[in-house]
Amino acid sequence: MQDGSAQHGSAPRAHPLAPSWLTARRDTDDLEAALLPADAHRDAEGRLVIGGVDVETLAAQHGTPLYVLSEADFRARARSFREAFSAAFAPEAEVDVFYAGKAFLSTHVAGWAVQEGLCVDTASGGELALALAGGVPPEKIGLHGNNKSDAEIQRALDAGIGRIIADSLDELERISRLAVAAGTRAPVMLRLTPGVHASTHEYIATAHEDQKFGLSLTPSAGAPSTDADGTPSTPANPYLGSPAWTAASRALQLPGVELRGLHAHIGSQIFEPAGFELAAQKLITFLASLHSAYGVELPELDLGGGHGIAYTEADTPRHPESIAAALAATVKQACAEHALRVPRISIEPGRAIVGPAGVTLYRVGVQKDVQVDAPDGSTTSRRYVAVDGGMSDNARGVLYDADYSAVLASRRVTGDHALSRIVGKHCESGDIVVRNVYLPTATARDDLLAVPATGAYCHSLSSNYNYLTRPAVVAVADGASQVLIRRETEQEMLGRDTGFAAG
Ligand SMILES: Cc1ncc(COP(=O)(O)O)c(C=O)c1O
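Just so you know, these numbers come straight off a predicted model, no measurement behind them.

## Examining the overall build of the protein
Part 1 of the reasoning: A tally of helices and strands in the protein yields 13 helices and 25 strands.
Part 2 of the reasoning: Its C-alpha atoms give the protein a radius of gyration of 25 Å, near enough to 23 Å, the size a compact globule of 503 residues would have.
Part 3 of the reasoning: Viewed in the frame of its principal axes, the protein has a C-alpha envelope of about 75 × 55 × 40 Å.
Part 4 of the reasoning: When the 503 residues of the protein are sorted by exposure, 55% land in the buried category.
Part 5 of the reasoning: Look at the contacts in the protein between residues 6 or more apart in sequence, and 70% of them connect residues 24 or more apart.
Part 6 of the reasoning: For the protein, the exposed surface amounts to about 20200 Å²; the carbon and sulfur share of it is 50%.
Part 7 of the reasoning: Considering the protein, the positive charge centre built from 42 side chains and the negative charge centre built from 60 side chains are found 2 Å apart.

## Some points on the sheet that holds strand β4 (residues 53-54)
Part 1 of the reasoning: Taken together, the 3 strands give an open sheet; going across it, the order is β2-β3-β4, and neighbouring strands pair in antiparallel fashion. On the outer flanks of this sheet lie β2 (40-42) and β4, each paired with one strand and no other.
Part 2 of the reasoning: Bridge analysis of β2 against strand β3 (residues 48-50) gives 3 bridges, and the strand direction is antiparallel. Its bridge partner lying in β3, His 41 is registered against Val 49.

## Observations regarding the site of the ligand
Part 1 of the reasoning: Taken together, 15 residues are adjacent to the ligand, and Lys 102, Gly 306, Glu 348, Arg 351 and Tyr 457 come closest.
Part 2 of the reasoning: Here a nitrogen atom of the ligand and a side-chain polar atom of Glu 348 are 2.6 Å apart.
Part 3 of the reasoning: In the environment of the ligand, an oxygen atom lies 2.6 Å from a nitrogen or oxygen atom belonging to the side chain of Tyr 457.
Part 4 of the reasoning: Burial of the ligand by the protein amounts to 91% of the accessible area it has alone, namely 390 Å².
Part 5 of the reasoning: When grouped by side-chain class, the residues that make up the shell around the ligand number 3 nonpolar, 8 polar and 4 charged.

## Quick look at the packing of aromatic side chains
Part 1 of the reasoning: Enumeration over the complete set of coordinates arrives at 8 aromatic pairs.
Part 2 of the reasoning: For the ring pair Phe 74 and Tyr 99, a centre distance of 5.3 Å and an interplane angle of 75° mean the geometry is edge-to-face. Of the two residues, Phe 74 sits in helix α3 (residues 71-89) while Tyr 99 sits in strand β6 (residues 95-100), which places them 25 residues apart along the sequence. Summarising the burial analysis for this pair, Phe 74 and Tyr 99 share the class buried.
Part 3 of the reasoning: Three or more aromatic residues joined by ring pairs form one cluster here, namely Tyr 239, Trp 245, Phe 286 and Tyr 294.
Part 4 of the reasoning: If you follow Arg 191 out to its NZ or CZ, it ends over the ring of Phe 213, 4.3 Å from the centre.

## Considering the nonpolar core
Part 1 of the reasoning: Within the largest apolar cluster, 112 residues are counted, with the highest numbers of intra-cluster contacts made by Phe 89, Tyr 99, Leu 190 and Phe 286.
Part 2 of the reasoning: It is helix α9 (residues 274-294) that provides the largest number of residues to this core, a total of 10 residues.
Part 3 of the reasoning: Both domains that meet at this core, namely domain 1 (29-70 + 357-498) and domain 2 (92-354), each give it at least three residues.
Part 4 of the reasoning: Excluding residues within four positions of it along the chain, Phe 286 makes contact with Leu 192, Leu 217, Tyr 239, Ala 244, Trp 245, Ala 248 and Leu 262.
Part 5 of the reasoning: Among the nonpolar cores identified, the runner-up in size contains 18 residues, and Leu 48, Val 55, Val 68 and Val 474 belong to it.

What counts, and where the lines are drawn
- Residues numbered from 1 in each chain as written.
- Predicted model: local features only at pLDDT ≥ 70, side-chain atom pairs only at ≥ 80, totals over all residues.
- Heavy atoms only, no water.
- Helix = DSSP H or I, 4+ residues; strand = E, 2+ residues; numbered from the N terminus.
- Rg over C-alpha atoms; globule rule 2.2 N^0.38 Å.
- Buried < 20%, exposed > 50% of the residue type's maximum accessible area, 1.4 Å probe, protein only.
- Contact = heavy atoms within 4.5 Å.
- Areas by Shrake-Rupley, 256 points an atom, 1.4 Å probe, with all protein chains shown as cover.
- Lys, Arg positive; Asp, Glu negative; His and termini not counted.
- Charge placed at Lys NZ, Arg CZ, Asp CG, Glu CD.
- Pairing = 2+ DSSP bridges.
- Near = heavy atom within 4 Å.
- Polar contact = N/O pair within 3.5 Å; in protein donor to acceptor, adjacent residues only side chain to side chain.
- Nonpolar A, V, L, I, M, F, W, Y, C, P; charged D, E, K, R; others polar.
- Phe/Tyr/Trp six-rings, centres within 6.5 Å; stacked < 30°, edge-to-face > 60°.
- Lys NZ or Arg CZ within 6 Å of the ring centre and 35° of its normal.
- Core = buried A, V, L, I, M, F, W, Y, C linked by side-chain atoms within 4.5 Å.
- Domains from an automatic or database assignment.

Dropping the structure here:
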């Protein structure tokens, strides 16, 4: 039987249950630096400090679980996307970076994004209301969604937002009707599905898209060979009869609609530029077809979000400069080949801006060493470390099998490390926060654990499962913390039950 621990000092042997990428810990600092916000370090007592505030102080002031967001890290990442993409596309085109608010949105964060020169993307009436409340100028807001209600479209028109990203023909018609009734013209982008799916290092290209978003570039079976205008199908226009072509043709005719450009979003957690480049080429070919059919050169092209981040040591994201350089070269070349001006470019990173800026703090509770049959036939042990949150504050493990890492944050200890699984307190065996991590064997009840890279899609996907109240979100900067979203109270949560009376 193996004891499940990795030796300190000597060359650590791999635990039979550990994934091949997981390094047994000796000095944790190097690994932590790659995953934690740039302004995180350990103080003389070994406590993790983020934005100048140590984790015990944060936990004492705000409780746990606690989402901690480094303002400086968020701002630096926002700036680096804006600067990298603007530089890469200059002088031919200007770039707008839309922060994808679905990753995490609060009024303060919306304000940081705008102060760093970004626009803000929203995906519902609620996100739109929050962006407006955060002072984002309406012209810097985009509205997404595959099933926008009339009320959401109306809200966008009333606010005068910069763009509505239309997802269907049905929606285009409704935008037109509502805009005409309001005596305005809606700035519209069309979301297309270019048949490129990307994730991490690979992409796949398919003709057909089996998903709910956007308008396909592939002609529907039995589609007519002329469009609504009678534009003939020629070999130069492979899009006739496609939902995308039908919608674009219609958008160019509809009153109350100002078709500004095309949009595509090809996936998430993408490290390599090849998928973005292929999608961009396809959209530019479509732009060229619109140009030759209707003489219209649409002025904007949105290449979506999905830029990858490091959740664990296995992830090696590229710097925005590298993605931007590759993409700009491809876009410029494709436009030159089609004799088009390079359109104004936009991108929509969410996770890559707010993800690494966030850390979740948990208190350690119960620990168990569980005997497990390893794939190599041996019996080994895995340590289960239960914390005071779980799938209600981080659903990504359950939803996407997502991997995370973690560090003992309240003190530095030397000695052996045990292969550990950090689990939550929900009545669900899949309630796993960190699947595999080496934690010091000395990790004890009431220690604080920090799970890095939880700024994106954790609070925004949080729930009240098992009637746990949702944690607070605090920003740290210059040695002070500020509550962005306060902890939910039990009264707020249970008070929605009409028979509940606080006892
Ligand atoms: C249309 C669109 N844009 C941007 C994003 C942001 O993606 P990420 O946070 O991975 O950058 C998403 C995420 O699903 C999206 O659907």
